[in-house]
Each structure stands twice: as structure tokens, then as C-alpha cells.
Amino acid sequence: MTLTTPAKAPADDSRWRALGIRADVRNLSLLGVLAALVTVGGLTRPAEFLATSNLQLVLTQASVIGVVTVGMTFVITSGGIDLSVGAIVALASVWATTLATQEFGFAGILFTAVVVGVGCGLVNGVLIAYGGMVPFIATLAMLASARGLALQITDGRTQIVTVDAVLDLGVPDAYVLGIPPLVLVFAAVTAAGWLLLNRTTFGRRTVAVGGNPEAARLAGIDVRRQRLLLYVLSGLCCGIAAFLLIVLAGSGQNTNGNLYELDAIAAAIIGGTLLSGGRGTIVGSVLGVLVFTTITNIFALNNLQSDVQQIAKGAIIVAAVLVQRRSARDSDT
Amino acid sequence: MAPEHQPPPLLTMEGITKSFPGVRALDGVDLEVAPGEVHCLLGQNGAGKSTLIKVLAGAHQPDAGRITWNGEPVRLRTPSAAVRLGIATIYQELDLVEGLTVAENIHLGHEPATAGFVKGRAARTATTALLARLGHPEIDPDRHVRELSAAGRQIVSMARALSHDVRLIVMDEPSAALDPDEVANLFRIVADLTAAGVAVVYISHRLEEIRRIGDRVTVLKDGRAVARGLPATTPTRDVVALMTGRDLPYVFPDRPAHPPTTPPVLQVQGLARHGEFEDIDLEIRPGEIVGLAGLVGSGRSEILETVYGARRPTAGHVLVDGRPLRPGSVPAAVRAGLGLAPEERKAQGLLLLESVTSNVSVSTLARFSRGGWLDRTAERQAARAATRTLSLRPDRPEAPVRTLSGGNQQKAVLARWLLRGCRVLLLDEPTRGVDVGARAELYAVIRRLADEGLAVLLVSSEVPEVLGLADRVLVLREGRVVHTAPARDLDEHRVLDLVMEGSPTA
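Residues numbered from 1 in each chain as written. Chains lettered and ligands numbered in written order. Predicted model: local features only at pLDDT ≥ 70, side-chain atom pairs only at ≥ 80, totals over all residues.

1. Concerning the sheet that holds strand β16 (residues 315–320) of chain B
Residues and elements named next belong to chain B. Heads up, the condition is: Two strands qualify as a pair provided DSSP detects at least 2 bridges between them. Each helix corresponds to a stretch of at least 4 residues labelled H or I by DSSP, and each strand to a stretch of at least 2 residues labelled E; elements are numbered beginning at the N terminus. Two residues qualify as a contact pair if the distance between their C-beta atoms, derived from the backbone, is within 7 Å. Here, axes are lines fitted to C-alpha atoms. For helices the fit covers the stretch in contact, and angles between N-to-C directions go from 0 to 180 degrees.
Spatially, β14-β13-β16-β17 is the arrangement adopted by the four strands of the open sheet, whose pairing is antiparallel. The open sheet is flanked by β14 (277–284) and β17 (323–324), the only strands paired with a single partner. One ladder, built from two bridges, connects β16 with β17; its direction is antiparallel. Across the sheet, V320 pairs through a bridge with R323, a residue of β17. Sitting on the sheet, helix α9 (residues 300–307) touches β13 (266–273), β14 and β16, and the angle it makes with β13 is about 120°.

2. What about the nonpolar core?
Threshold: We define the nonpolar core as any set of buried residues of the types Ala, Val, Leu, Ile, Met, Phe, Trp, Tyr and Cys, connected via C-beta atoms lying within 7 Å of each other. In this scheme every C-beta is placed from the backbone, and a residue whose C-beta has 20 or more other C-beta atoms within 10 Å is buried, one with 12 or fewer is exposed, and one in between is partly exposed.
The biggest cluster of nonpolar side chains holds 88 residues, and the ones touching the most others in it are L338, V424, L426, V456 and L458 of chain B. With seven residues, the single largest contributor to this core is helix α14 (residues 406–420) of chain B. Look past the residues within four positions of V424 of chain B in its chain and what remains in contact with it is V265, L266, I284, V320, G337, L338, A455 and L457 of chain B. Formed by 87 residues, the second largest nonpolar core is a distinct cluster that contains F74, A129, A241 and L290 of chain A.

3. Some details on the domain arrangement of chain B
Residues and elements named next belong to chain B. The following threshold applies: An automatic or database domain assignment provides the domain bounds reported here. Any residue that is not Ala, Val, Leu, Ile, Met, Phe, Trp, Tyr, Cys, Pro, Asp, Glu, Lys or Arg is counted as polar, Gly included; the first ten are nonpolar and the last four charged.
As far as domains go, chain B holds domain 1 (11–244) and domain 2 (266–337 + 423–500). Each of domain 1 and domain 2 has a C-alpha centre, and the two are 33 Å apart. No other element matches the three residues that helix α8 (residues 236–244) contributes to the side of domain 1 that touches domain 2. Across the side of domain 1 that touches domain 2, the residue classes tally to six nonpolar, five polar and one charged.

4. So, the environment of D279 of chain B
Residue and element names in this part refer to chain B. Among the structural elements, D279 can be located in strand β14. Its 13 C-beta neighbours within 10 Å are what place D279 among the partly exposed residues. When the C-alpha positions of D279 and V481 are compared, they lie 8.0 Å apart, and in sequence the two are 202 residues distant. For D279, the residues in contact, after removing those within four places along its chain, are G270, A272 and R480.

5. Structural notes on the packing of helix α13 (residues 260–271) of chain A against helix α14 (residues 282–301) of chain A
What describes two packed helices is the angle between their axes and the distance between those same axes. Residue and element names in this part refer to chain A. The cut-off we apply is this: Angles below 35 degrees are treated as roughly parallel, those above 145 as roughly antiparallel, those between 65 and 115 as roughly perpendicular, and all remaining angles as oblique. In a left-handed crossing the near helix is turned counterclockwise from the far helix by less than a right angle, and in a right-handed crossing that turn is clockwise.
The contact between α13 and α14 brings their axes to 7 Å, and the two run at 120°. By the criterion of interaxial angle, the relationship of α13 to α14 is oblique. Note on packing geometry: the crossing formed by α13 with α14 is right-handed. Two secondary-structure elements touch here, α13 through D263, A267, A268, I270 and G271 and α14 through G284, S285, L287, G288, V289 and F292. Considering only residue class, the contact of α13 with α14 consists of six nonpolar, four polar and one charged.

6. Observations regarding unusual backbone geometry
Between R393 of chain B and the following residue, P394 of chain B, the backbone shows a cis peptide bond with an omega angle of -5°. Its location among the elements puts P394 of chain B in the loop between α13 (376–389) and α14. With a phi close to 60°, L259 of chain A is a non-glycine residue in the positive phi region. Position of L259 of chain A among the secondary structure elements: in the loop between β2 (251–252) and α13. Unusually for a residue other than glycine, E478 of chain B sits at a positive phi of about 50°. Along the chain, E478 of chain B falls in the loop between β23 (472–477) and β24 (480–486).

7. As for α13 of chain B
Residue and element names in this part refer to chain B. Defined as follows: Every helix has an expected span of 1.5 Å times one less than the residues it contains. What the arc measures is the spread of directions leading from the helix axis to the C-beta atoms.
Look at α13: 20 Å from first C-alpha to last across 14 residues, which is about the 20 Å you get at 1.5 Å a residue. All of the buried residues along α13 are E379, R380, A383, A386 and T387. Each buried residue of α13 lies within a common arc of 130° when the element is viewed along its axis, so the set occupies one face. Facing away from the buried surface of α13 by more than 90 degrees, the exposed residues are T377 and R388. The positive-phi residue at the C-terminal boundary of α13 is S391, with phi of around 50°.

8. Side note on the sheet that holds strand β6 (residues 87–90) of chain B
Pairing between the strands of a sheet comes from backbone hydrogen bonds, and it takes one of two forms, parallel or antiparallel. Residues and elements named next belong to chain B. Ordered in space as β6-β9-β10-β3-β11-β12, the six strands form an open sheet in which the pairing is mixed. Edge positions in the sheet fall to β6 and β12 (224–231), since each of these pairs with one other strand and no more. Strand-to-strand twist of the sheet, defined as the mean angle between neighbouring strand axes without regard to direction, takes the value 15°. The pairing of β6 with strand β9 (residues 168–172) spans four bridges and is classified as parallel. Across the sheet, the residue bridging to I90 is M171, located in β9. Strands β3 (38–43), β6, β9, β10 (199–203) and β11 (216–221) of the sheet are contacted by helix α1 (residues 49–56), whose axis makes an angle of about 150° with β9. Those strands touched by helix α6 (residues 180–195) are β3, β9 and β10, and its axis lies near 145° from that of β10.

Shown next as C-alpha cells:
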């Protein structure tokens with residue numbers, strides 16, 4: 001037995017720090033991709049891309065899908081999947097913008113969006129945790145029903161928001177030190193998500209349930225309650241995202257959040273969260289979201305078609321997962 | 001047994017070296033196997049046995065060393081390269097596809113086919129012949145593997161190995177999941193194989209098996225071969241000394257001089273689960289170790305899991321301190337002070353991706369919760385205190401639990417319940433996959449926990465273990481208790497008679 005660990009750490013604390021650094025290395029490849037994208041953007045469209053307003057736009061666009069991805073990261077870490085996030089965003093955004101809801105003003109819209117999100121998550125969670133349904137199927141059913149309900153509510157029409165307090169959040173006057181409020185919400189959700197996953201008993205149980213559900217059950221963890229809460233958490237994130245989308249678009253539409261489920265899953269996976277569960281990273285997921293949003297922005301600025309964008313996204317997913325598999329293999333014994 | 005005139009070796013491995021990050025698993029190992037011999041590979045967990053057989057199976061590439069097959073130097077780049085040469089490996093964790101039938105599993109990867117269409121009848125015929133050769137004509141080729149018992153799966157694995165033109169079979173602890181009569185059948189199969197000139201590399205922790213069927217023994221320790229080609233008749237004491245640097249394999253700790261007289265902490269009354277076990281009554285006092293002895297399928301593990309709430313009983317009660325436990329609820333059992341070290345440690349006990357600390361604290365997270373926040377310093381210190389009490393090695397709380405040896409992984413599970421402050425410990429095969437040297441230490445740990453006031457319910461398929469460790473033994477047959485006695489009044493033959501009485505193979 002030869003320990004080849006370089007510079008043997010004498011105390012626990014430095015070891016923990018070393019672990020933290022290694023986790024950062026995992027994200028380093030994504031940071032590299034992001035830096036490369038910024039360089040490309042800066043070189044091809046120097047004036048437009050690096051303009052403050054454009055950076056604000058990129059971050060604002062990242063906020064909606066980013067909040068969804070934070071919730072998705074928890075669900076995937078627990079070994080589950082939530083295909084219904086896009087549909088829940090759509091349903092929450094239209095329910096919160098009906099004429100009846102708008103009468104209650106800012107609070108009514110925010111409250112409705114969050115409650116609809118949590119409610120849908122609750123239904124998902126009960127079906128999966130207590131009904132014994134496979135997450136893929138249960139959330140697929142929710143996807144279909146929530147979209148259908150959203151269409152029924154709107155009858156296909158765009159619901160314009162007339163509540164000034166909501167609309168005001170999206171205008172430059174509301175920016176705090178140049179940062180749009182939506183981005184601040186995204187940052188807050190990210191920070192809360194990171195703390196929840198890494199520093200709380202809830203987070204530890206999530207990882208345990210995803211890593212080995214049977215061992216978690218026999219260790220006395222209430223696996224079903226944990227699963228239920230995780231889908232509620234994902235629904236809550238969808239509700240918050242729906243509110244952000246209402247602010248951003250100034251309206252509610254049944255087509256909102258289209259294919260969010262795929263974007264959120266892709267961002268989480270390229271961030272380094274294991275699709276099989278047991279390992280998740282909020283920082284990685286957020287970097288994943290930023291990479292995708294930046295690509296979209298650069299392609300739009302260069303007037304490239306969205307089909308090229310889609311191909312580039314696919315290539316990045318493949319490349320990121322290949323890089324991670326290599327680093328995972330290196331760190332395994 | 002051992003041939004006088006050594007035929008030229010079938011397989012020679014020389015100077016095999018293999019490192020993983022942080023660990024040199026193999027450090028210049030030599031192994032020589034003759035045709036038609038049973039070559040036993042011995043060593044503690046972590047000695048390098050698994051790595052060596054994975055190199056031989058083509059699953060790992062050695063960093064250095066030479067492999068000669070039939071006098072020709074070869075490189076085993078992939079598992080299929082090894083199979084083509086005639087090397088088959090039966091892993092401890094059987095690699096069968098549960099959703100496929102017996103015949104489909106046996107021919108997986110080399111199905112008899114015409115233009116891509118599987119010839120089902122040919123596969124079934126071949127399967128029937130193979131199963132008959134293995135002494136199990138009763139296994140239906142069309143049954144799904146998920147419906148088979150552990151022993152049945154073992155047979156299917158072996159049939160799969162034999163479905164190739166095989167000249168060397170590696171068996172990794174083939175007897176671990178088998179009953180005594182199944183083991184006898186296994187030995188008969190091994191004898192048939194070697195009579196036909198097939199060589200067998202046999203890994204087992206049971207030294208008495210090696211004396212019964214082995215020809216020669218190679219002992220690994222810390223990635224080196226400390227003895228090569230010893231005759232299998234070498235006294236156990238010498239072999240154990242080679243493996244551990246100590247002698248005497250099974251040292252059981254002393255029982256307390258005076259049996260405890262305190263009221264029982266765990267009472268099981270008329271517990272039953274339809275089709276699994278009936279009418280189970282037992283009581284355990286603090287400080288007592290009660291053993292359940294019985295064959296595989298006698299309901300041992302099922303009883304333990306039902307007491308623990310992981311299965312719901314169809315009748316009966318479990319009482320802790322005289323208060324009935326909510327049936328079918330693990331959290332309720334854990335709150336009442338029960339703890340389980342499950343039979344399948346990796347599949348049911350451990351979070352393999354996680355650190356030792358996370359594995360130890362997983363049942364006690366609420367204690368380190370400060371309004372939901374995890375006090376990680378307190379968690380780490382408490383987990384470390386528990387693992388140190390049990391002398392878990394290495395003493396690194398942040399080490400991933402998957403890098404630990406079997407014995408230390410078991411200690412991590414015990415530390416979990418120690419930390420929780422549990423009062424009734426349910427141990428299901430606590431030394432499965434734990435090497436001989438580490439067993440004595442685990443036995444001492446279990447006895448010490450009992451002396452400190454824990455009540456222990458022990459299940460083991462190794463009768464000497466139950467007799468040596470427990471104070472009282474309940475003998476099970478077909479889901480019923482057929483005999484209860486203090487362990488010192490029983491011996492192995494008596495117990496085996498009891499468990500097999502009336503069964504057709506007795």
C-alpha cells in the first residue's frame with residue numbers, strides 16, 4: 001500500500017478545503033467553456049456583446065430557466081426526474097395573469113404563481129412517493145395535463161399584465177446597481193439552493209436517497225416524505241420562475257416554458273449532476289445555464305439560425321459529459 | 001490430489017502490478033495454474049484477490065507483468081479476449097440480467113443464431129444439457145432469472161461459464177450464498193470439471209472448503225503473493241498466519257460470567273409473515289446476543305427485516321421496552337432504538353459515493369441539525385468518535401466508504417448505530433465478505449457492544465459463528481423455530497441435524 005497523495009494534509013480542515021478545490025476543478029471545464037464563449041462573443045460582436053445592456057439581457061434570460069434548473073438539480077440528485085417543469089411554468093404563468101387574479105395586484109400574481117407551482121409539485125410528489133409511480137411517467141402525465149389546463153384557461157390568447165407594480169420590476173429604473181431584480185432573485189435562489197443542498201440535513205438526505213434509496217430507507221430516513229418534498233421544491237422553483245417570466249414578458253401565455261424540462265436537465269447534467277442520482281452540484285447547474293444562455297445570445301447577435309444553435313447545444317452536452325466521465329474515472333479507485 | 005509430475009502450467013502470471021490512484025493493489029504477483037487443478041486464492045479483503053482475477057478476466061489492464069497461456073505470451077485487453085482463450089469468471093456479485101430467461105442469460109453475447117435471428121430451441125436444448133450436467137435439471141430454461149433463488153442464480157452463472165469452450169474457471173466465493181447441500185453439489189461440479197482437465201481458480205474465505213477440494217494454495221497479502229503453490233493440506237494455522245501475521249482464525253470473545261437478569265428490551269410475540277415464517281417468539285435482554293440459525297430460505301433475514309419494520313408482518317407484535325412498535329415502519333423502529341446491519345452491505349447498507357462520515361451520520365442527522373442547518377463540525381467529530389471506538393481503518397472520516405475493506409465497511413454500519421445510541425442491534429450476516437483476520441475483531445466488537453448494554457439479534461449462515469458468538473440460539477426450519485437452547489449446549493452437528501431434519505437432502 002503506497003499512498004501517493006501529494007502533500008499529505010496534516011489536519012482535517014485542509015483536507016476538506018482540498019476537496020472543495022477538487023469540486024471546483026470539475027466546474028473549471030465549464031468556466032473554460034464560458035470564457036471561450038465570452039471571447040467569441042467579444043471578438044465577433046465587440047460593440048453589442050459586451051454592452052452592459054446585453055449582459056443584463058443574458059443574465060435576465062438565464063434567470064427564468066436558472067431558477068427551474070436549481071429545483072431540477074435537487075430532483076435529479078435524488079435519483080428522480082421532473083419532466084413537467086415547463087408545463088408547470090406555463091400553467092402558473094397563465095393562472096397568475098387571469099383577469100381575476102390581476103385584480104389582487106402584485107401580491108395576487110406572485111402568490112398564485114407560487115401556489116400553482118407548489119400544488120403541481122405536490123401532485124407529482126404524492127403520485128411518485130406514495131402512489132409508487134415512476135417519476136418519468138408521473139411527471140410526463142403532469143406535463144400533458146398542466147399544458148392542457150393552461151390552454152383551457154387562456155383559450156390560446158396572450159394575457160397582458162396590467163399591474164404596474166409587476167411591470168415596473170422589469171424596467172431599467174428598477175435595476176439595483178445595474179443589476180436587474182430578476183437576476184437578483186436568480187442569485188438568491190442559487191445561494192439558497194446551494195446552502196440547502198450542501199449545508200442542511202435536507203440536502204444530505206437528498207443525496208442519500210439518490211445514492212442508495214434502500215440503504216437510506218434502512219438507515220431510518222423517511223424516503224417517501226423526502227421524495228414528496230423534492231417534487232414540491234421543484235414545483236416551487238417553477239412557480240418563482242413563472243413569476244419572473246411574467247415580469248419579463250409582461251404577459252402570461254400557455255406556450256410559456258416550452259421545452260424548459262430539456263434545457264434544465266441538460267444544464268444540470270453538463271454541470272456535473274449525476275443523472276442516476278447521488279451527486280449534485282448547484283454551481284455546476286448554474287454554470288450550465290449560463291453556457292446555454294450565452295450561446296443563444298451570441299448566435300442571435302450574429303444572426304445565425306436557431307437550428308445551428310441547437311446543434312451547438314447538442315455538441316456541448318456530449319463534450320461536457322465526456323470530460324466529466326474522464327475526470328470521474330481518474331478520481332475513482 | 002497434487003500431481004507428482006507437474007504438467008506444464010496452463011496459466012502463468014508473473015510480476016503482475018496494478019495501481020489505482022492512491023493504492024498499489026497488486027505489487028508483482030505471480031500465479032501459476034496447472035490444467036485440471038483447483039488452485040485456491042486466499043487473502044484478506046484488500047489483499048488484491050479481486051484485482052488479480054479482474055486482470056485475469058481482462059477487466060483490468062495490469063501496469064506491468066507477463067501473462068502466459070498454454071506457453072504463449074498473451075495480453076487480455078478485454079473480457080471477451082479472455083473468454084476467447086477459454087477463461088471464464090464467475091463473480092461474487094453475479095452478473096445476470098434479471099429480466100431475461102435462464103437460457104437467454106446463459107447464451108448472452110453468443111446466442112445461437114441464423115442471420116441475426118435467435119434460434120430459441122437450440123439455445124434451450126443446450127441450456128437443458130448444461131443444467132443437467134450441473135445437477136440441476138429442474139431449472140426451467142424459460143424461467144426468468146429474477147424468479148430464481150440465490151443458489152439457482154449461481155448455477156445459471158456457472159452454466160453460462162460452461163457454455164463457452166472453457167479451460168479455466170475463476171470462482172469468486174461461490175459458496176457464500178449456498179446451503180450445505182448446495183455446496184456439496186458445487187464441489188461435485190468442480191470435481192467433474194477438473195477430471196475433464198479444466199483448471200479452477202477458487203476463492204473462498206472458508207478454509208475448510210479449501211482443504212476439501214483444493215490442490216494448491218496461493219496466499220496474497222497487501223498486493224503480494226506471500227506463499228505460492230502451497231499444498232492445500234497446509235495446516236489452517238499456518239495459512240492464517242500467512243494471511244494475517246496472526247494465527248487462530250475464529251477467536252470468539254468470552255461470554256459474561258452472569259447472564260443479564262434485567263427485563264427484556266426487545267420482545268417479539270407471534271410474529272408471522274404469510275409464506276415466510278410463522279409464530280416467532282423471542283426476547284432479548286440488554287447485554288444478550290441471540291442467534292438465529294437456519295438454512296438459506298428458512299426465513300432468517302425476513303424475520304430480522306420484519307422486526308425492523310422493513311417488511312410488514314401479517315400477524316404478531318414487536319415490543320421495545322414493553323411498548324408495541326408501529327408495524328412496517330422503519331423510522332418508528334429506529335426512533336425506538338433499533339438498528340439494522342443488513343445482509344447486502346453495499347446494496348442495502350452503504351452510500352458508496354459518500355464519505356465515512358456521511359455514512360455514519362445518516363441515521364442521526366437530526367441531532368446535528370440546528371434548525372435545519374447541518375453542524376458539520378459536530379457531525380464529523382461525533383462520527384469520528386464512533387469510528388475510533390470501533391477501530392475503523394483507515395482513520396480518515398473523509399475517505400470514500402467504497403475504498404474500505406469489507407470488515408471496515410461493516411464497522412462503518414455499526415458506527416452508524418453506535419452514534420445513534422441504538423439499544424437493539426440486528427445483525428444480518430455481519431461477517432459476509434469479511435476476511436478471516438478481521439472477523440475475530442468484529443466478534444470482539446459485537447461482544448463489547450453487548451457488554452455495554454446493547455441487545456443483539458444475530459443471523460448467520462455460518463453455524464460456528466452463531467454458536468461462538470451468541471448466548472442463546474434459536475434454530476429455524478422452514479420459517480418456524482424448532483429448537484431454542486443456550487449456545488453452549490449446542491454443537492454444529494446438532495444444529496445441522498435440527499435445520500435439516502425432515503428435509504429430503506438430510
